[in-house]
Amino acid sequence: MEPLVFVIFGASGDLAKRKLLPSLFQAHKAGNLPQNFAILGVSRTSFSDESFRAKAFTDNLHIKKEDASQEQIRSFARMLYYQAIDTSKKEDYVKVKDKLSKLDELHQTKCNYIFYLSTPPWLYEIIPPYLAHFGLNDRTTGSKRLVIEKPFGYDLTSAKDLNGKLQQHFEEDQIFRIDHYLGKETVQNLLVTRFANGIFEPLWNRNFIDHIEITAAESIGVGNRGGYYDHSGALRDMFQNHLLMVMAQIAMEPPTSGNAKSIRAETVKLFESIRPITEEEVSKYVVRGQYLASTINGELLKGYREEEGVPEHSKTETYLAVKFFIDNWRWAGVPFYVRTGKRLPTKVTEITVSFKAPPHTLFRNQKEIFQSQNKMIIRIQPDEGLLLNFGMKVPGDGFRVKNVNMDFHYSDLANQYIPDAYERLILDCIKGDATLYARGESVEAAWAFVDPILNAWKNDPEQKLFGYPAGTWGPDNSDMLFDTWPFSWHDPCPALTKEHNFCEL
Ligand code: BG6
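Residues numbered from 1 in each chain as written. Predicted model: local features only at pLDDT ≥ 70, side-chain atom pairs only at ≥ 80, totals over all residues. Heavy atoms only, no water.

**Quick look at the overall build of the protein**
Argument step 1. For the protein, the count of helices and strands is 14 helices and 18 strands.
Argument step 2. For the protein, whose C-alpha radius of gyration is 24 Å, the value lies close to the compact-globule estimate of 23 Å for 505 residues.
Argument step 3. Over its C-alpha atoms, taken along the principal directions, the protein stretches across nearly 80 × 50 × 50 Å.
Argument step 4. Within the protein, buried positions represent 55% of all 505 residues.
Argument step 5. Within the protein, residue pairs in contact and separated by at least 24 positions form 77% of the contacts whose partners lie at least 6 positions apart.
Argument step 6. Both charge centroids of the protein, one from 59 positive and one from 65 negative side chains, sit 2 Å from each other. (Helix = DSSP H or I, 4+ residues; strand = E, 2+ residues; numbered from the N terminus. Rg over C-alpha atoms; globule rule 2.2 N^0.38 Å. Buried < 20%, exposed > 50% of the residue type's maximum accessible area, 1.4 Å probe, protein only. Contact = heavy atoms within 4.5 Å. Lys, Arg positive; Asp, Glu negative; His and termini not counted. Charge placed at Lys NZ, Arg CZ, Asp CG, Glu CD.)

**Describing helix α2 (residues 49–58)**
Argument step 1. Within α2 the residues assigned to the buried category are Asp 49, Phe 52, Arg 53, Ala 56 and Phe 57. In a view along the axis of α2, the buried residues occupy a sector of 105°, so they form one face of it.
Argument step 2. Residues of α2 that are buried in the fold lie against α1 (14–29), β2 (37–43), α3 (70–78), β3 (80–84) and α4 (93–107). (Arc of directions from axis to C-beta.)

**What to know about the site of the ligand**
Argument step 1. Taken together, the neighbourhood of the ligand is formed by Lys 150, His 180, Tyr 181, Lys 184, Glu 218, Arg 225, Asp 237, Met 238, His 242, Lys 342, Lys 347 and Gln 381.
Argument step 2. Side-chain polar atom of His 180 to an oxygen atom of the ligand: 2.8 Å apart, as the coordinates give it.
Argument step 3. Separating an oxygen atom of the ligand from a side-chain N or O atom of Lys 347 is a distance of 2.6 Å.
Argument step 4. When the ligand sits alone it has 400 Å² of accessible area, and the protein chains cover 81% of it.
Argument step 5. At three residues, helix α9 (residues 233–251) tops the list of elements feeding residues into the shell around the ligand. (Near = heavy atom within 4 Å. Polar contact = N/O pair within 3.5 Å; in protein donor to acceptor, adjacent residues only side chain to side chain. Areas by Shrake-Rupley, 256 points an atom, 1.4 Å probe, with all protein chains shown as cover.)

**Regarding the pattern of salt bridges**
Any two side chains of opposite charge can pair, so long as their charged atoms come close to each other.
Argument step 1. What the rule picks out here adds up to 27 salt bridges.
Argument step 2. For the salt bridge of Asp 14 with Arg 18, the shortest nitrogen-to-oxygen distance reads 2.8 Å. You can see Asp 14 and its partner Arg 18 sitting in helix α1, four residues apart, about one turn around the helix.
Argument step 3. Since its relative accessible area comes to 48%, Asp 14 is described here as partly exposed.
Argument step 4. The salt bridge partner of Asp 407 is Arg 379, with a shortest N-O separation of 3.2 Å. Taken as a pair, Asp 407 in strand β16 (residues 401–409) and Arg 379 in strand β14 (residues 375–381) lie far apart in primary sequence, 28 residues in all.
Argument step 5. With a relative accessible area of 35%, Asp 407 lands in the partly exposed category.
Argument step 6. Judged by relative accessible area, Arg 379 falls into the buried class, the value being 12%.
Argument step 7. Linked through salt bridges whose partners overlap, the residues forming this network are Arg 194, Glu 201, Glu 253 and Arg 330. (Salt bridge = Lys/Arg side-chain N within 4 Å of Asp/Glu carboxyl O.)

**Comments concerning the sheet that holds strand β5 (residues 144–149)**
Argument step 1. Reading across the sheet, the six strands line up as β3-β2-β1-β4-β5-β6 and stay open at both edges, with parallel pairing between neighbours. The open sheet has two edge strands, β3 and β6 (175–178), and neither has a second partner. Along the sheet, successive strands turn relative to each other by an average axial angle of 20°, direction set aside.
Argument step 2. With respect to the sheet, α4 is in contact with β1 (4–9), β2, β3 and β4 (113–117), its orientation differing from that of β3 by roughly 160°. (Pairing = 2+ DSSP bridges. Axes fitted to C-alpha atoms, helices over the stretch in contact; angles between N-to-C directions.)

As structure tokens, this is what we get:
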């Protein structure tokens with residue numbers, strides 16, 4: 001691997017502490033970092049190299065040091081450096097440049113840099129031009145990559161604007177837009193399940209698949225992120241990025257090869273084939289909700305509007321369900337249902353592929369098989385795995401049929417270390433592999449689909465927002481998106497209580 005300095009802008013922030021530094025330490029322990037490597041933290045707070053090491057590493061409880069050797073701990077700490085600057089002042093970037101030159105000398109890192117912007121998004125338009133002003137985008141001296149976190153814009157116009165601004169200073173192949181869902185092992189496994197097996201791909205189309213559901217449920221509320229979340233909502237926070245990306249893995253055409261270029265090209269093509277939902281159609285295809293206070297097991301859970309940083313009359317959605325179609329040869333007429341929400345009964349992300357029922361029903365007296373559809377359930381998290389549900393004969397007389405499961409759990413791959421999503425993606429970026437990063441065009445195509453929904457909510461006072469008690473599966477109205485049997489979502493945990501009270505806000 002090429003020598004490199006990994007520069008973290010916003011190094012004193014939460015993401016660096018919770019995800020970036022712990023992932024880099026894990027990669028160091030596993031011996032996966034380049035031999036010549038340094039990490040430079042940059043932010044406004046004033047630290048020396050030593051005090052940054054103590055704050056970001058030694059005292060950081062998110063970094064698991066218990067199972068590391070003293071040498072691993074010491075050698076990682078020795079890679080950490082810090083430079084304080086006022087990120088909004090152009091002249092301060094010379095300090096970053098000088099510090100990088102020193103690190104190049106100390107670690108022989110040959111002017112290869114990754115700039116990871118773990119900062120508020122408004123700085124995405126400021127940091128890249130200032131880096132460029134000091135030649136820190138110049139790939140003739142060494143590789144230069146820029147990593148940014150979502151949100152990649154706020155709507156289609158701002159996303160195009162952001163892409164345009166970034167591309168003024170960095171080439172598209174230098175820009176790595178991170179989506180941590182694509183770093184999840186089970187999401188990557190979607191492509192392998194589909195394209196490395198002879199049995200699934202022939203069935204993966206409108207002839208055999210009835211409909212596909214994606215559920216991404218969270219039991220937590222917005223916590224102390226109310227200020228951020230209220231300007232975002234479930235559509236921007238989860239659907240426009242993570243869930244459309246997951247959908248792309250399920251629905252894309254076979255790429256011409258397994259490389260970044262072909263896979264990303266198929267993603268763009270797929271997003272461009274999603275049938276647009278017009279502003280007038282939003283109430284037919286989209287249901288939004290907001291959680292209300294409720295008591296679960298004696299514990300009072302706040303409603304969204306009572307959360308810190310959330311305005312009293314907020315209309316921001318914490319729940320979203322969308323039905324849509326993909327207008328291409330493979331998926332013509334197959335509905336896709338995607339739902340996500342906060343304060344649902346559990347934390348689970350899963351994909352349910354429902355196959356069409358057999359053309360002729362032999363076992364008519366058996367209601368169960370008469371109505372049953374084979375299902376493939378891909379659990380992204382937790383208990384990562386894949387379950388196939390099908391009918392089998394109950395032993396004994398007659399032909400009683402019962403649905404049974406064939407269940408694979410990732411945890412059965414004993415002793416196989418599964419890297420965290422961030423660790424995986426950071427390592428890919430260090431290697432210069434952009435396969436699991438979003439391309440500018442696909443981000444724009446995803447916004448183009450989402451924009452009319454945002455516009456309808458903004459412009460049409462008739463658009464409804466439903467309340468749902470915290471701890472339930474969201475507004476019942478989302479079942480109405482299904483107009484054919486089974487008329488409701490696959491329930492990831494039928495054992496959990498289902499309440500039915502909901503109201504319109
Ligand atoms: C983040 C969202 O991108 O993803 C959060 O901003 C959400 O609101 C989180 O909680 C979910 O990620 P995961 O990996 O916990 O499913």
